[in-house]
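# A structural walkthrough
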Amino acid sequence: MTADRLHGAAVARVTALATQMGTELPALTKTLHKVLADSIEDLQGDQLIVELLGASIESNLETVAHILRYDVAVDEVATPFAAEEYARRLAQRGIAPIALVRAYRLGQQQVLDWAFDELGRDADQSVALAAGRIIVDTTFRYIDRISEQVVTAYESERVRWLANRNTLRKAMIEELLRGEPVDLAAAEGALSYRLRQNHVGVVLWSTSGSGGDENLRQLERLLQQAATAAGCSGQPLFVPRDRSTGWGWIPLGRGRPAITVAGDDDGDRWIAVGSPAAGADGFRVTHLEALRAQQVALAARERAHRVTTFADPQVRTAAMMAADLEGTRRLVRNALGPLAADTEAADRLRETLLVFLAEKGSYLATAERIHLHKNTVKYRVDKALEERGRPLDDERLELELALVACRWLAGSVLMPPAP
């Protein structure tokens, strides 16, 4: 048989096979649908996606059958509507595009297996082989073209969907933080976060000069680390506030455990934390507490603690004083006198005196808590009172408030050292 006759026979065989494919389309679709649904784990458990997969398979098989039957140029073929819609739905659900591409590769394999099973029964295997080559070449070019188009559709939809979702998420968070009544199911859907549980609000910020996107990625990683350190098994909610600040919520489930939120050792990232609180109202309250804890840290400037938590009674007190820094400065100077100096020596005396007051005047308990000898504690307490110029019980409440302010608000309330 000449080359031209062999090619003509092969084309005729491909046409016949494509006609058969069209006739058997429902059965082929059903078989391929089961194979793909069972093989791609990301698709399992979502009935709508699985149904759309079936529609995508049927439309692609029908298109391939038409290309083979009528010798349609692959370069002129548009992506079937059902296939594009399937890609868009995957993007909306955040399913990785690898699942999309893999479906096409597996589908191609199944179609070729079916075609070669049919060709294997032909009497003239030279024609069957030539027909097989045409089918392989055509399907490969079709998959290459359609895969590129559906991935483009996926990426476009993903960008659009994320922009819309972020807009909706921002609006929903603003409603929650204003204390407005919301539909909890709708709110949870918009946030991808469960409100009917306990949460801890977190504010994270960076003082580095790196780019905004990188800053936000680092803060989101820091939130995840903090959630892990707190024993959280769920996914925290992170919302960028600006280029260097993010708001977060750590889910605690139904329990109300005492938690510890850890920071990191990086010198330019900070965390302020609210107290655990329940439900939609707790979502708002713990966030407001985290903002107040942040104000304490911002007032402390470079001497802020890496993690400032509103659950600490001293932080709650400092937060009230941070609202009136000028008044707090006057309180500190009146209550401490020279002891309010911004020096390391004065800081040691203030810290020892604050612990001494917390331990109800016990030199021994204070020594054990700050790991000093009792005599050293007595010396520091006496020296602190000497610097203050007044005995311990003279305006004792103001003394304690001033010491708390110095510990947490630091540079915003301390006096410059004497020349």
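Read on for an overview of the structure.

The rules we used
- Residues numbered from 1 in each chain as written.
- Predicted model: local features only at pLDDT ≥ 70, side-chain atom pairs only at ≥ 80, totals over all residues.
- Heavy atoms only, no water.
- Helix = DSSP H or I, 4+ residues; strand = E, 2+ residues; numbered from the N terminus.
- Contact = heavy atoms within 4.5 Å.
- Areas by Shrake-Rupley, 256 points an atom, 1.4 Å probe, with all protein chains shown as cover.
- Lys, Arg positive; Asp, Glu negative; His and termini not counted.
- Charge placed at Lys NZ, Arg CZ, Asp CG, Glu CD.
- Salt bridge = Lys/Arg side-chain N within 4 Å of Asp/Glu carboxyl O.
- Buried < 20%, exposed > 50% of the residue type's maximum accessible area, 1.4 Å probe, protein only.
- Expected span 1.5 Å × (residues − 1).
- Arc of directions from axis to C-beta.
- Polar contact = N/O pair within 3.5 Å; in protein donor to acceptor, adjacent residues only side chain to side chain.
- Phe/Tyr/Trp six-rings, centres within 6.5 Å; stacked < 30°, edge-to-face > 60°.
- Core = buried A, V, L, I, M, F, W, Y, C linked by side-chain atoms within 4.5 Å.
- Axes fitted to C-alpha atoms, helices over the stretch in contact; angles between N-to-C directions.
- Parallel < 35°, antiparallel > 145°, perpendicular 65-115°, else oblique.
- Nonpolar A, V, L, I, M, F, W, Y, C, P; charged D, E, K, R; others polar.

Of regular secondary structure, the chain possesses 15 helices and 6 strands. Structurally, the chain occupies a C-alpha span of about 115 × 45 × 35 Å along its principal axes. Put simply, of all contacts in the chain between residues at least 6 apart along the chain, 71% involve residues at least 24 apart. Of the accessible surface of the chain, which amounts to about 21,200 Å², a share of 52% is contributed by carbon and sulfur atoms. Considering the chain, the positive charge centre built from 50 side chains and the negative charge centre built from 57 side chains are found 6 Å apart.

Throughout the structure, instances matching the rule amount to 24 salt bridges. Among the ionic pairs, Glu85 bridges to Arg88, the shortest N-O distance being 3.0 Å. One end of the pair is Glu85 and the other is Arg88, both in helix α4 (residues 81–92) and 3 residues apart, which spans about a single turn. Taken individually, Glu85 and Arg88 each receive the classification buried, so the pair is uniform in this respect. As a salt-bridge pair, Glu326 and Arg329 come within 3.1 Å of each other at their nearest N and O atoms. Here the residue Glu326 and the residue Arg329 both occupy positions in helix α11 (residues 325–336), the gap between them amounting to 3 residues, near one helical turn. Connected through shared salt-bridge partners, Glu84, Glu85, Arg88 and Arg89 make up one network.

Taking 1.5 Å per residue as the helical rise, α4 with its 12 residues ought to reach 16 Å, and the 17 Å between its terminal C-alpha atoms agrees with that figure. For α4, the set of buried residues is Ala82, Ala83, Glu85, Tyr86, Ala87, Arg88, Leu90 and Ala91.

What follows is about helix α10 (residues 313–322). Among all positions of α10, only Gln314, Val315, Ala318, Ala319, Met321 and Ala322 are buried. Projection of α10 onto a plane perpendicular to its axis shows the buried side chains occupying an angular sector of 165°, all on one side. On its buried face, α10 is in contact with α9 (279–300), β6 (307–309), α11, α12 (344–358) and α15 (396–409). The backbone nitrogen of Gln314 lies 2.8 Å from a side-chain oxygen of the residue at the head of α10, namely Asp312.

This part is about the packing of aromatic side chains. Aromatic ring pairs are defined here through the distance separating the ring centres and the angle between the ring planes. The final tally for this structure, using the stated rule, is 3 aromatic pairs. Ring centres 4.1 Å apart and planes at 5° place the aromatic pair Trp249 and Phe283 in the stacked group. With a gap of 34 residues between them, Trp249 in strand β3 (residues 245–253) and Phe283 in helix α9 connect regions that are remote in the sequence. With a centroid separation of 4.8 Å and 35° between ring planes, the pair formed by Phe356 and Tyr363 is classed as tilted.

Nonpolar side chains in soluble globular proteins generally cluster together in the buried interior. Counting residues in hydrophobic clusters, the biggest one holds 59 residues, and the most contacted among them are Leu191, Trp249, Phe283, Leu336, Leu353 and Leu409. Considering each element in turn, this core owes the most residues, 8 residues, to α15. Counting residues in hydrophobic clusters, the runner-up holds 48 residues, among them Leu52, Tyr104, Trp114 and Ile135.

Here Ala187 shows up in helix α7 (residues 184–191). Look at Ala187 and you get buried, because its relative accessible area is 0%. Sequence separation between Ala187 and Leu176 is 11 residues, and the spatial gap between their C-alpha atoms is 8.8 Å. Beyond its immediate stretch of four places on either side in the chain, Ala187 contacts Met172, Val182 and Leu195.

Remark: α10 packs on α15, axes separated minimally by 9 Å, with the N-to-C direction vectors making an angle of 90°. As the angle between them shows, α10 and α15 are arranged roughly perpendicular. Together, Gln314, Val315, Thr317, Ala318, Met321 and Ala322 of α10 and Leu401, Val404, Ala405, Arg407, Trp408 and Leu409 of α15 make up the contact between the two elements. Its residues assigned to classes, the contact of α10 with α15 shows 9 nonpolar, 2 polar and 1 charged.

Moving on to the environment of Ala410. Along the chain, Ala410 falls in the segment after α15. A residue is classified by how much of its surface remains accessible, and Ala410, at 4% relative accessible area, is buried. In sequence terms Ala410 and Asp347 are 63 residues apart; their C-alpha atoms lie 9.5 Å from each other. Look past the residues within four positions of Ala410 in its chain and what remains in contact with it is Ala300, Arg303 and Ala405.

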